[in-house]
Amino acid sequence: MSVIKTPVTRAAFDEVILPIYAPAQFVPVKGKGSRVWDQQGKEYIDFAGGIAVMALGHCHPVLVDTLQKQSEQLWHLSNIFTNEPALRLAKKLTAATFADRAFFANSGAEANEAAFKLARYYTTTTISPYKTKIIAFHHAFHGRTFFTVTVGGQPKYSDGFGPKPADIVHVPFNDLAAVKAVMDDHTCAIVVEPIQGEGGVMPATEEFLTGLRQLCDQHQALLIFDEVQTGMGRTGKLFAYQHSTVTPDILTSAKALGGGFPISAMLTREDIARVMTPGTHGTTYGGNPLACAVAEASLDIINNPQLLEGVAQRHQWFVAALEAINQRYHLFTAIRGKGLLIGAQLTPKYAGLLRDIIQAAAEQGLLLLSAGSDVLRFTPSLIIDEQDIEQGMAKLEQAITTVIG
Ligand SMILES: *Cc1c(COP(=O)(O)O)cnc(C)c1O
(Lines give C-alpha, C1' and ligand atoms only; values in the text may rest on other atoms or scores of the structure.)
Protein backbone atom coordinates (compact mmCIF):
# COMPACT_ATOMS: atom_id res chain seq x y z
CA MET A 1 0.00 0.00 0.00
CA SER A 2 1.40 3.37 -0.90
CA VAL A 3 0.83 6.39 1.30
CA ILE A 4 0.49 9.76 -0.40
CA LYS A 5 2.43 12.33 1.58
CA THR A 6 1.62 16.01 1.45
CA PRO A 7 4.76 17.85 0.36
CA VAL A 8 6.16 19.89 3.23
CA THR A 9 8.84 22.57 3.11
CA ARG A 10 10.83 24.80 5.45
CA ALA A 11 8.12 27.46 5.03
CA ALA A 12 5.81 25.35 7.22
CA PHE A 13 8.14 25.95 10.17
CA ASP A 14 7.22 29.61 10.25
CA GLU A 15 3.51 28.74 10.21
CA VAL A 16 3.09 25.82 12.57
CA ILE A 17 6.06 25.46 14.94
CA LEU A 18 6.35 27.48 18.15
CA PRO A 19 8.75 30.26 17.14
CA ILE A 20 11.54 29.45 19.61
CA TYR A 21 14.13 28.20 17.10
CA ALA A 22 15.70 29.60 13.96
CA PRO A 23 16.48 26.44 11.96
CA ALA A 24 18.54 26.44 8.75
CA GLN A 25 16.71 27.04 5.49
CA PHE A 26 17.10 23.44 4.26
CA VAL A 27 15.35 20.36 5.60
CA PRO A 28 17.50 17.26 6.17
CA VAL A 29 15.75 14.01 5.30
CA LYS A 30 18.41 11.30 5.63
CA GLY A 31 21.63 10.57 7.47
CA LYS A 32 24.27 7.85 7.34
CA GLY A 33 27.44 7.93 9.41
CA SER A 34 28.76 11.49 9.28
CA ARG A 35 26.81 12.46 6.16
CA VAL A 36 23.36 14.03 5.89
CA TRP A 37 21.17 14.77 2.83
CA ASP A 38 18.47 17.40 2.48
CA GLN A 39 15.19 17.46 0.52
CA GLN A 40 17.05 18.49 -2.64
CA GLY A 41 19.53 15.63 -2.29
CA LYS A 42 22.37 17.95 -1.35
CA GLU A 43 25.01 16.22 0.79
CA TYR A 44 26.46 17.61 4.02
CA ILE A 45 29.32 16.50 6.23
CA ASP A 46 28.15 16.53 9.82
CA PHE A 47 30.46 18.20 12.36
CA ALA A 48 27.48 18.99 14.62
CA GLY A 49 26.28 15.46 15.37
CA GLY A 50 22.82 16.59 16.43
CA ILE A 51 24.48 18.73 19.17
CA ALA A 52 26.74 16.04 20.63
CA VAL A 53 24.01 13.41 20.42
CA MET A 54 24.94 11.24 17.42
CA ALA A 55 27.99 9.66 19.05
CA LEU A 56 27.98 6.78 16.56
CA GLY A 57 26.85 8.83 13.58
CA HIS A 58 23.51 8.56 11.83
CA CYS A 59 21.72 5.22 11.52
CA HIS A 60 24.54 3.09 12.94
CA PRO A 61 23.70 -0.46 11.82
CA VAL A 62 23.92 -1.95 15.34
CA LEU A 63 21.58 0.70 16.76
CA VAL A 64 19.16 0.33 13.84
CA ASP A 65 19.13 -3.43 14.35
CA THR A 66 18.63 -3.08 18.12
CA LEU A 67 15.80 -0.59 17.64
CA GLN A 68 14.10 -2.81 15.06
CA LYS A 69 14.34 -5.91 17.24
CA GLN A 70 13.12 -4.14 20.36
CA SER A 71 10.30 -2.52 18.37
CA GLU A 72 8.89 -5.98 17.72
CA GLN A 73 9.30 -6.99 21.35
CA LEU A 74 8.05 -4.29 23.71
CA TRP A 75 7.83 -0.50 23.41
CA HIS A 76 6.48 0.85 26.65
CA LEU A 77 5.10 -0.24 30.00
CA SER A 78 5.53 2.75 32.36
CA ASN A 79 7.26 2.29 35.69
CA ILE A 80 4.42 0.22 37.11
CA PHE A 81 6.53 -2.59 35.67
CA THR A 82 10.27 -2.83 35.24
CA ASN A 83 11.88 -4.16 32.06
CA GLU A 84 15.00 -6.03 30.98
CA PRO A 85 16.65 -3.32 28.85
CA ALA A 86 16.39 -0.78 31.71
CA LEU A 87 17.82 -3.23 34.23
CA ARG A 88 20.69 -4.20 31.93
CA LEU A 89 21.48 -0.56 31.13
CA ALA A 90 21.46 0.40 34.82
CA LYS A 91 23.79 -2.50 35.66
CA LYS A 92 26.22 -1.48 32.92
CA LEU A 93 26.19 2.24 33.75
CA THR A 94 26.74 1.64 37.45
CA ALA A 95 29.46 -0.95 36.73
CA ALA A 96 31.26 1.59 34.52
CA THR A 97 31.10 4.49 37.02
CA PHE A 98 31.26 5.45 40.71
CA ALA A 99 27.49 5.06 40.96
CA ASP A 100 25.29 2.37 42.49
CA ARG A 101 21.87 3.58 41.33
CA ALA A 102 20.36 5.00 38.15
CA PHE A 103 17.22 7.00 37.42
CA PHE A 104 16.16 7.16 33.78
CA ALA A 105 14.36 10.05 32.12
CA ASN A 106 14.06 11.42 28.60
CA SER A 107 16.17 14.57 28.38
CA GLY A 108 19.11 16.31 29.97
CA ALA A 109 16.86 18.80 31.69
CA GLU A 110 14.88 16.01 33.33
CA ALA A 111 18.02 14.23 34.52
CA ASN A 112 19.25 17.51 36.06
CA GLU A 113 15.82 18.27 37.52
CA ALA A 114 15.99 14.88 39.23
CA ALA A 115 19.56 15.55 40.40
CA PHE A 116 18.63 18.90 41.97
CA LYS A 117 15.51 17.47 43.60
CA LEU A 118 17.49 14.52 44.95
CA ALA A 119 20.21 16.81 46.31
CA ARG A 120 17.66 19.03 48.07
CA TYR A 121 15.76 16.03 49.40
CA TYR A 122 18.94 14.40 50.66
CA THR A 123 20.39 17.40 52.49
CA THR A 124 17.07 18.64 53.90
CA THR A 125 16.00 15.23 55.20
CA THR A 126 19.36 14.00 56.49
CA ILE A 127 21.14 17.17 57.64
CA SER A 128 19.02 20.31 57.97
CA PRO A 129 15.77 21.64 56.47
CA TYR A 130 17.67 24.88 55.75
CA LYS A 131 20.38 23.20 53.70
CA THR A 132 18.99 24.20 50.30
CA LYS A 133 21.50 26.55 48.64
CA ILE A 134 22.61 25.49 45.17
CA ILE A 135 25.81 27.02 43.80
CA ALA A 136 26.14 27.15 40.02
CA PHE A 137 28.22 29.06 37.47
CA HIS A 138 27.90 31.93 35.06
CA HIS A 139 27.35 30.70 31.48
CA ALA A 140 26.38 27.24 32.74
CA PHE A 141 23.61 25.37 30.95
CA HIS A 142 21.51 22.68 32.63
CA GLY A 143 18.30 22.54 30.58
CA ARG A 144 15.02 24.39 30.13
CA THR A 145 12.69 23.24 32.89
CA PHE A 146 12.11 26.12 35.29
CA PHE A 147 14.35 24.69 38.03
CA THR A 148 17.18 23.72 35.66
CA VAL A 149 17.06 26.94 33.65
CA THR A 150 17.21 28.92 36.90
CA VAL A 151 20.24 26.92 38.04
CA GLY A 152 21.79 27.62 34.63
CA GLY A 153 23.86 30.76 34.56
CA GLN A 154 22.14 32.69 31.76
CA PRO A 155 19.42 34.99 33.11
CA LYS A 156 18.20 35.72 29.58
CA TYR A 157 16.87 32.13 29.47
CA SER A 158 15.22 32.16 32.91
CA ASP A 159 13.77 35.70 33.04
CA GLY A 160 10.19 36.44 32.09
CA PHE A 161 8.46 33.41 33.57
CA GLY A 162 7.46 34.74 36.98
CA PRO A 163 8.93 33.87 40.38
CA LYS A 164 11.92 31.55 40.17
CA PRO A 165 12.90 28.63 42.37
CA ALA A 166 14.82 30.18 45.24
CA ASP A 167 18.20 29.79 46.95
CA ILE A 168 20.33 29.45 43.84
CA VAL A 169 23.52 31.51 43.54
CA HIS A 170 25.81 32.00 40.56
CA VAL A 171 29.52 32.74 40.64
CA PRO A 172 32.22 32.91 37.96
CA PHE A 173 33.37 29.57 36.51
CA ASN A 174 36.91 28.40 37.38
CA ASP A 175 37.02 30.94 40.25
CA LEU A 176 37.46 29.00 43.47
CA ALA A 177 37.70 32.12 45.64
CA ALA A 178 34.26 33.18 44.39
CA VAL A 179 32.83 29.79 45.37
CA LYS A 180 34.47 29.97 48.81
CA ALA A 181 32.87 33.37 49.36
CA VAL A 182 29.34 31.93 49.02
CA MET A 183 29.92 28.41 50.37
CA ASP A 184 28.52 27.71 53.83
CA ASP A 185 26.76 25.05 55.89
CA HIS A 186 23.45 25.91 54.22
CA THR A 187 24.87 24.81 50.89
CA CYS A 188 23.10 21.78 49.50
CA ALA A 189 25.06 21.26 46.28
CA ILE A 190 27.48 22.65 43.75
CA VAL A 191 26.63 21.81 40.15
CA VAL A 192 29.23 22.04 37.41
CA GLU A 193 29.86 20.98 33.83
CA PRO A 194 33.41 19.55 33.59
CA ILE A 195 33.55 21.40 30.27
CA GLN A 196 30.93 24.11 29.82
CA GLY A 197 29.38 23.20 26.47
CA GLU A 198 26.75 25.76 25.56
CA GLY A 199 28.76 28.37 27.46
CA GLY A 200 31.56 28.25 24.87
CA VAL A 201 33.48 24.95 25.32
CA MET A 202 35.21 26.07 28.52
CA PRO A 203 37.06 23.32 30.41
CA ALA A 204 37.08 23.44 34.21
CA THR A 205 40.62 23.33 35.54
CA GLU A 206 41.71 20.35 37.63
CA GLU A 207 42.45 22.69 40.59
CA PHE A 208 38.94 24.11 40.34
CA LEU A 209 37.28 20.69 40.40
CA THR A 210 39.54 19.53 43.23
CA GLY A 211 38.69 22.69 45.17
CA LEU A 212 34.95 22.16 44.63
CA ARG A 213 35.28 18.60 45.93
CA GLN A 214 37.09 19.81 49.05
CA LEU A 215 34.53 22.54 49.72
CA CYS A 216 31.66 20.08 49.35
CA ASP A 217 33.36 17.65 51.73
CA GLN A 218 34.01 20.41 54.31
CA HIS A 219 30.39 21.57 54.23
CA GLN A 220 28.56 18.25 53.74
CA ALA A 221 27.30 19.40 50.36
CA LEU A 222 26.88 17.29 47.23
CA LEU A 223 28.95 17.71 44.10
CA ILE A 224 26.88 17.30 40.94
CA PHE A 225 28.54 16.87 37.54
CA ASP A 226 26.33 17.71 34.59
CA GLU A 227 27.84 15.41 31.97
CA VAL A 228 24.91 15.70 29.58
CA GLN A 229 27.28 17.01 26.89
CA THR A 230 30.66 15.67 28.10
CA GLY A 231 29.54 12.11 28.81
CA MET A 232 29.37 8.90 26.78
CA GLY A 233 32.85 9.04 25.36
CA ARG A 234 32.69 12.62 24.09
CA THR A 235 35.95 13.63 25.81
CA GLY A 236 37.79 10.35 25.24
CA LYS A 237 36.73 8.75 28.54
CA LEU A 238 33.29 7.30 29.15
CA PHE A 239 32.63 10.28 31.45
CA ALA A 240 34.78 13.40 31.73
CA TYR A 241 35.19 13.04 35.52
CA GLN A 242 37.31 9.97 34.76
CA HIS A 243 40.08 12.24 33.44
CA SER A 244 40.44 13.83 36.88
CA THR A 245 40.98 12.71 40.46
CA VAL A 246 37.58 14.16 41.41
CA THR A 247 34.51 11.96 41.74
CA PRO A 248 31.06 13.58 41.90
CA ASP A 249 28.22 12.45 44.16
CA ILE A 250 25.63 12.74 41.41
CA LEU A 251 26.20 12.65 37.64
CA THR A 252 23.78 13.30 34.81
CA SER A 253 23.99 11.96 31.27
CA ALA A 254 21.77 12.49 28.23
CA LYS A 255 22.57 13.69 24.68
CA ALA A 256 24.79 10.83 23.40
CA LEU A 257 23.37 8.29 25.86
CA GLY A 258 20.80 7.04 23.35
CA GLY A 259 22.79 7.88 20.23
CA GLY A 260 19.81 9.87 18.95
CA PHE A 261 16.99 8.08 20.79
CA PRO A 262 15.76 10.31 23.64
CA ILE A 263 16.96 9.03 27.01
CA SER A 264 18.79 10.46 30.00
CA ALA A 265 20.12 9.15 33.27
CA MET A 266 20.94 10.42 36.72
CA LEU A 267 23.54 8.33 38.52
CA THR A 268 24.34 8.39 42.22
CA ARG A 269 25.58 6.40 45.20
CA GLU A 270 23.50 4.11 47.37
CA ASP A 271 23.82 6.25 50.54
CA ILE A 272 22.31 9.23 48.68
CA ALA A 273 19.76 7.28 46.63
CA ARG A 274 18.28 5.62 49.68
CA VAL A 275 16.53 8.78 50.92
CA MET A 276 14.09 8.41 48.02
CA THR A 277 11.02 6.21 48.40
CA PRO A 278 8.21 5.19 46.03
CA GLY A 279 6.48 8.42 45.05
CA THR A 280 9.19 10.99 45.78
CA HIS A 281 9.95 11.35 42.06
CA GLY A 282 8.86 9.74 38.81
CA THR A 283 8.20 9.84 35.08
CA THR A 284 5.92 8.02 32.63
CA TYR A 285 8.41 7.39 29.82
CA GLY A 286 11.71 7.26 31.72
CA GLY A 287 13.43 3.89 31.41
CA ASN A 288 11.26 2.84 28.51
CA PRO A 289 12.43 -0.42 26.89
CA LEU A 290 12.95 1.03 23.40
CA ALA A 291 15.17 3.86 24.67
CA CYS A 292 17.08 1.62 27.09
CA ALA A 293 17.73 -1.05 24.47
CA VAL A 294 19.26 1.49 22.11
CA ALA A 295 21.27 3.12 24.92
CA GLU A 296 22.60 -0.27 26.02
CA ALA A 297 23.77 -1.07 22.50
CA SER A 298 25.34 2.36 22.23
CA LEU A 299 27.10 2.02 25.60
CA ASP A 300 28.44 -1.42 24.60
CA ILE A 301 30.10 0.12 21.55
CA ILE A 302 31.36 3.32 23.20
CA ASN A 303 32.71 1.87 26.45
CA ASN A 304 35.62 0.26 24.68
CA PRO A 305 39.27 1.35 25.02
CA GLN A 306 39.87 1.28 21.26
CA LEU A 307 36.89 3.50 20.49
CA LEU A 308 37.89 5.93 23.25
CA GLU A 309 41.47 6.08 21.98
CA GLY A 310 40.02 6.85 18.56
CA VAL A 311 38.33 9.90 20.06
CA ALA A 312 41.71 11.21 21.25
CA GLN A 313 43.18 10.53 17.78
CA ARG A 314 40.33 12.42 16.09
CA HIS A 315 40.85 15.31 18.52
CA GLN A 316 44.42 15.62 17.17
CA TRP A 317 43.17 15.62 13.57
CA PHE A 318 40.57 18.30 14.29
CA VAL A 319 42.94 20.54 16.22
CA ALA A 320 45.72 20.18 13.63
CA ALA A 321 43.31 21.13 10.83
CA LEU A 322 41.93 24.09 12.80
CA GLU A 323 45.44 25.30 13.63
CA ALA A 324 46.40 25.08 9.96
CA ILE A 325 43.34 27.16 9.02
CA ASN A 326 44.22 29.63 11.77
CA GLN A 327 47.76 30.05 10.45
CA ARG A 328 46.31 31.17 7.13
CA TYR A 329 43.45 33.39 8.37
CA HIS A 330 44.27 34.32 12.02
CA LEU A 331 40.65 34.21 13.07
CA PHE A 332 40.78 32.10 16.28
CA THR A 333 42.16 33.30 19.61
CA ALA A 334 41.91 29.83 21.15
CA ILE A 335 41.14 26.24 20.20
CA ARG A 336 39.84 24.47 23.32
CA GLY A 337 38.21 21.32 24.55
CA LYS A 338 38.83 17.61 24.93
CA GLY A 339 38.17 14.66 22.68
CA LEU A 340 35.44 15.57 20.23
CA LEU A 341 34.05 18.53 22.16
CA ILE A 342 36.10 21.26 20.55
CA GLY A 343 35.61 25.02 20.48
CA ALA A 344 37.39 27.54 18.27
CA GLN A 345 36.96 31.03 19.65
CA LEU A 346 36.81 33.80 17.08
CA THR A 347 38.93 36.91 17.59
CA PRO A 348 36.92 40.04 18.55
CA LYS A 349 37.40 41.24 14.96
CA TYR A 350 35.54 38.20 13.54
CA ALA A 351 33.15 37.36 16.42
CA GLY A 352 30.29 39.15 14.68
CA LEU A 353 30.67 36.79 11.71
CA LEU A 354 29.87 33.58 13.64
CA ARG A 355 26.37 33.18 12.10
CA ASP A 356 27.69 34.01 8.63
CA ILE A 357 30.42 31.38 8.87
CA ILE A 358 27.91 28.72 9.97
CA GLN A 359 25.58 29.66 7.14
CA ALA A 360 28.39 29.73 4.57
CA ALA A 361 29.51 26.32 5.83
CA ALA A 362 26.02 24.92 5.23
CA GLU A 363 26.13 26.34 1.70
CA GLN A 364 29.43 24.49 1.19
CA GLY A 365 27.81 21.31 2.58
CA LEU A 366 29.01 21.30 6.19
CA LEU A 367 26.91 21.20 9.36
CA LEU A 368 28.51 23.28 12.11
CA LEU A 369 27.48 24.56 15.54
CA SER A 370 28.15 27.62 17.61
CA ALA A 371 28.57 27.90 21.38
CA GLY A 372 28.10 31.17 23.19
CA SER A 373 28.39 34.29 21.06
CA ASP A 374 31.82 33.78 19.49
CA VAL A 375 32.78 30.11 19.42
CA LEU A 376 32.59 27.59 16.57
CA ARG A 377 31.78 24.23 18.17
CA PHE A 378 32.64 20.78 16.83
CA THR A 379 30.74 17.78 18.24
CA PRO A 380 30.89 15.17 15.47
CA SER A 381 30.37 11.43 15.62
CA LEU A 382 33.00 9.73 17.80
CA ILE A 383 33.76 7.42 14.87
CA ILE A 384 33.88 10.01 12.08
CA ASP A 385 36.33 8.97 9.30
CA GLU A 386 39.59 10.82 8.77
CA GLN A 387 38.46 11.47 5.20
CA ASP A 388 35.21 13.10 6.39
CA ILE A 389 37.24 15.32 8.73
CA GLU A 390 39.55 16.37 5.86
CA GLN A 391 36.68 17.09 3.49
CA GLY A 392 34.73 18.93 6.19
CA MET A 393 37.75 21.08 7.03
CA ALA A 394 38.20 21.95 3.35
CA LYS A 395 34.56 23.08 3.29
CA LEU A 396 35.10 25.10 6.48
CA GLU A 397 38.05 26.84 4.88
CA GLN A 398 36.00 27.63 1.76
CA ALA A 399 33.24 29.01 3.97
CA ILE A 400 35.72 31.18 5.84
CA THR A 401 37.19 32.60 2.62
CA THR A 402 33.72 33.49 1.31
CA VAL A 403 32.88 35.28 4.59
CA ILE A 404 36.11 37.11 5.38
CA GLY A 405 37.26 37.50 1.77
C1 LIG B 1 22.02 19.95 26.31
C2 LIG B 1 22.35 20.11 27.75
C3 LIG B 1 21.35 20.02 28.75
C4 LIG B 1 19.89 19.92 28.42
O5 LIG B 1 19.56 18.73 27.79
P6 LIG B 1 18.10 18.60 27.09
O7 LIG B 1 18.10 17.18 26.58
O8 LIG B 1 18.06 19.63 26.01
O9 LIG B 1 17.09 18.85 28.13
C10 LIG B 1 21.74 20.08 30.07
N11 LIG B 1 23.04 20.21 30.41
C12 LIG B 1 24.02 20.29 29.48
C13 LIG B 1 25.45 20.40 29.93
C14 LIG B 1 23.71 20.25 28.13
O15 LIG B 1 24.69 20.36 27.22
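Preceding this paragraph is the structure being described.
Quick summary incoming for the structure in this document. Every value quoted in this text rests on a predicted model; they were computed, and no experiment measured them.

1. Looking at the packing of helix α4 (residues 84–95) against helix α11 (residues 289–302)
It is at 8 Å that the axes of α4 and α11 come closest, and there the two elements cross at 35°. As for the relative orientation of α4 and α11, their crossing is left-handed in sense. Residue-level inspection shows Pro-85, Ala-86, Arg-88, Leu-89, Lys-92 and Leu-93 of α4 in contact with α11, the latter providing Pro-289, Cys-292, Ala-293, Ala-295, Glu-296, Leu-299 and Asp-300. Residues belonging to the contact of α4 with α11 are distributed by class as follows: nine nonpolar, no polar and four charged.

2. A word on the sheet that holds strand β5 (residues 133–137)
Within the open sheet, the seven strands sit side by side as β4-β12-β11-β10-β7-β5-β6. Their pairing is mixed. At either end of the open sheet lies a strand with only one pairing partner, and these are β4 (101–105) and β6 (168–171). Pairs of neighbouring strands in the sheet enclose a mean axial angle of 20°, with direction left out of account. Pairing geometry for strand β7 (residues 187–192) and strand β10 (residues 222–226), over four bridges, is parallel. Looking across to β10, one finds that Ile-190 is bridged to Leu-223.

3. Let's talk about the packing of helix α3 (residues 61–71) against α11
The N-to-C vectors of α3 and α11 enclose an angle of 150°; their axes lie 9 Å apart at closest approach. Comparing their axes, α11 and α3 come out roughly antiparallel. The hand of the α3/α11 crossing is right-handed. From α3, Val-62, Leu-63, Thr-66, Leu-67, Gln-70 and Ser-71 reach across to α11, where they touch Pro-289, Leu-290, Ala-293, Val-294, Ala-297, Ser-298 and Ile-301.

4. Observations regarding the nonpolar core
Counting residues in each nonpolar core, the largest one holds 81 residues, and the members touching the most others are Phe-137, Leu-376, Phe-378, Met-393 and Leu-396. Tallying contributions element by element places helix α12 (residues 305–329) first for this core, with nine residues. Per-domain counts for this core show at least three residues from each of domain 1 (11–59 + 305–404) and domain 2 (74–302). Not counting chain neighbours up to four residues away, the residues in contact with Leu-376 comprise Phe-332, Ile-342, Gly-343, Ala-344, Leu-354, Ile-357, Ile-358, Leu-368, Leu-369 and Leu-396. Judged by nonpolar contacts, the second largest core, of 22 residues, contains Ile-134, Ile-224, Ile-250 and Met-266.

5. Concerning the environment of Met-202
Among the secondary structure elements, Met-202 is positioned in strand β9 (residues 202–203). Distance from Met-202 to Thr-245, taken between C-alpha atoms, is 19 Å for residues 43 residues apart in sequence. Apart from the residues within four sequence positions on either side, Met-202 is in contact with Phe-173, Pro-194, Ile-195, Gln-196 and Arg-336.

6. Topic: the side chain of Thr-97
Examined against the element boundaries, Thr-97 turns out to sit in the loop between α4 and β4. Classification of Thr-97 as buried rests on a relative accessible area of 12%. In this view, Thr-97 contacts Phe-239, Tyr-241, Gln-242 and Leu-267; residues no more than four positions away in its chain are not counted.

7. Regarding the site of the ligand
All residues in the neighbourhood of the ligand are listed as Ser-107, Gly-108, Ala-109, Asn-112, Phe-141, His-142, Gly-143, Glu-193, Asp-226, Val-228, Gln-229 and Lys-255. Here an oxygen atom of the ligand sits 2.6 Å away from a polar atom, N or O, in the side chain of Lys-255. Out of a free accessible area of 380 Å², the ligand has 82% covered by protein chains. No other element matches the three residues that helix α5 (residues 108–126) contributes to the shell around the ligand. Class assignment of the residues belonging to the shell around the ligand gives a composition of three nonpolar, six polar and three charged.

8. Some points on the pattern of salt bridges
As enumerated under the stated definition, the model contains 17 salt bridges in all. Note that Asp-65 and Lys-69 form a salt bridge whose closest N and O atoms lie 2.9 Å from each other. Separated by four residues within a single helix, Asp-65 and Lys-69 lie in helix α3, roughly one turn from each other. Of the residues examined, Lys-69 reaches a relative accessible area of 52% and is grouped as exposed. The closest approach of N and O atoms between Lys-133 and Asp-184, which form a salt bridge, is 3.2 Å. Remark: Asp-184 occurs in the loop between α8 (176–182) and β7 and Lys-133 occurs in strand β5; sequence separation between them is 51 residues. The partly exposed category is assigned to Asp-184, whose relative accessible area is 25%. What you see here is one network of salt bridges that share partners, running through Glu-84, Arg-88, Lys-92, Glu-296 and Asp-300.

Criteria and cut-off values
- Residues numbered from 1 in each chain as written.
- Predicted model: local features only at pLDDT ≥ 70, side-chain atom pairs only at ≥ 80, totals over all residues.
- Heavy atoms only, no water.
- Axes fitted to C-alpha atoms, helices over the stretch in contact; angles between N-to-C directions.
- Helix = DSSP H or I, 4+ residues; strand = E, 2+ residues; numbered from the N terminus.
- Left-handed = near helix turned anticlockwise from the far one by under 90°.
- Contact = heavy atoms within 4.5 Å.
- Nonpolar A, V, L, I, M, F, W, Y, C, P; charged D, E, K, R; others polar.
- Pairing = 2+ DSSP bridges.
- Parallel < 35°, antiparallel > 145°, perpendicular 65-115°, else oblique.
- Core = buried A, V, L, I, M, F, W, Y, C linked by side-chain atoms within 4.5 Å.
- Buried < 20%, exposed > 50% of the residue type's maximum accessible area, 1.4 Å probe, protein only.
- Domains from an automatic or database assignment.
- Near = heavy atom within 4 Å.
- Polar contact = N/O pair within 3.5 Å; in protein donor to acceptor, adjacent residues only side chain to side chain.
- Areas by Shrake-Rupley, 256 points an atom, 1.4 Å probe, with all protein chains shown as cover.
- Salt bridge = Lys/Arg side-chain N within 4 Å of Asp/Glu carboxyl O.

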